[in-house]
Amino acid sequence: WLFDRLKEAGATIQRANDPVLLPKACKNATELAGTRRAHERDGIALSKFLAWLATEAPKGGVDEIEACRVLENFRLETGILKDLSFGSISGAGPNAALPHYRVTSKSNRKLRSGEIYLVDSGGQYLDGTTDVTRTIVVGTPTAEMKDRFTRVLKGHIALARARFPEGTTGVQLDTLARMSLWEGGYDYDHGTGHGVGAYLSVHEGPQNISKKQVNVALKPGMIISNEPGYYKVGHYGIRIENLIVVTEPKDVGGERKMMEFETITLAPIDLNLVEPGMLSDAERKWLNDYHARVREKIAPGLDGSAKAWLLDATRPV
């Protein structure tokens, strides 16, 4: 319709990629500083929620809708939440096996002992946009749950630790997040990473990390998600999502300058679902270092039982 109107007005149509997309995707220093602040603030709210969940979920009275509301209220308590960045995904048991599930009054389910709960949510603040997924077990997980979760975690860590030359695209890195799952005969049917705006859309192009052939190189300042998963239909779902930033190229001693990822999401990863024996020394170090940074940044914003929960939830493995 738009092209028809332009042609009728005598315009000449030039079909090409929107030239605004790439510079918008490459965040400047002010946008990155604001986004880091937003993630610290959001991490405090999410950690308060996870501490609340650890106490209340085992009692058997929490359902998916209540969990959503409690998490939103913790974000509202910041006093500067403008809105959620998208409709929260709050799935318990078999509902968590639906990657894009949206709870309704009809589908609403209690968080039951021995089951997994997945929450994918985010906030819009004037200084940044957040998007984070955490998978939590209520009670004691099965050996299978721990195996699948740890495979997802290994993929998450592999991507977070990736080092790559200028010109690398997301499709070239996607396999890193899937390798441990593939080794066990598993996979997931969604992308590994999408671009995220700065107080803009939580799904922003043109970059991504997936099996799709998107020929857009990852450039410094791009914010992108790192979210491998595993879904056993009718039983449970697992996803671990942090946001990461592409760093400036730097000399690491080889022949080419390399870029890396900086993880900016700050929230505990459920250690009750981790099988430590499946982790390499490098993976264990990454997890411990990440949790040490979560403690450093988030603990000062907590007190009482929430702070005590965080210190235990980020213990070294």
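Keep in mind that this is a model prediction, so the values were computed, not measured.

Rules behind the numbers
- Residues numbered from 1 in each chain as written.
- Predicted model: local features only at pLDDT ≥ 70, side-chain atom pairs only at ≥ 80, totals over all residues.
- Heavy atoms only, no water.
- Pairing = 2+ DSSP bridges.
- Helix = DSSP H or I, 4+ residues; strand = E, 2+ residues; numbered from the N terminus.
- Core = buried A, V, L, I, M, F, W, Y, C linked by side-chain atoms within 4.5 Å.
- Buried < 20%, exposed > 50% of the residue type's maximum accessible area, 1.4 Å probe, protein only.
- Contact = heavy atoms within 4.5 Å.
- Polar contact = N/O pair within 3.5 Å; in protein donor to acceptor, adjacent residues only side chain to side chain.
- Axes fitted to C-alpha atoms, helices over the stretch in contact; angles between N-to-C directions.

**So, the sheet that holds strand β1 (residues 83-84)**
Spatial ordering of the open sheet is given by β1-β4-β5, a layout of three strands whose pairing is antiparallel. The sheet is open, and its two edges are formed by β1 and β5 (128-129), each paired on a single side.

**A closer look at the nonpolar core**
Formed by 33 residues in total, the largest nonpolar core has its most connected members in F149, L153, I238, I269, W286, L287 and I298. For this core, the elements supplying multiple residues, two or more each, are α3 (29-56), α5 (143-160), α6 (170-184), β11 (229-232), β12 (236-239), α7 (281-298) and α8 (304-313). For this core, the leading source of residues is α5, giving six residues. Not counting residues within four places of it along the chain, the set of residues in contact with L287 comprises L153, I269, L271, L279 and V317. Of all hydrophobic cores here, the second largest spans 19 residues; its members include A45, V119, V132 and I136.

**Observations concerning the side chain of E115**
Inspection of the secondary structure puts E115 in the loop between β2 (89-92) and β3 (116-121). On the basis of relative accessibility, which here comes to 19%, the residue E115 falls in the buried class. Among the polar contacts made by the side chain of E115, one reaches the side chain of R109 at a distance of 2.8 Å. Sequence-distant contacts of E115, defined by excluding residues within four places in its chain, comprise G93, R109, K110, I136, V137, V138 and M145.

**Observations concerning the sheet that holds β2**
In sheet architecture, strand pairing relies on hydrogen bonds along the backbone and comes in two forms, parallel and antiparallel. The antiparallel open sheet is built from three strands, whose spatial order is β2-β3-β6. Each having just a single partner strand, β2 and β6 (132-137) make up the two edges of the open sheet. Neighbouring strand axes in the sheet, compared pairwise and without regard to direction, differ in orientation by 10 degrees on average. Relative to β6, β3 is paired through six bridges, and the arrangement is antiparallel. Its bridge partner being in β6, I116 is matched across the sheet by V137.

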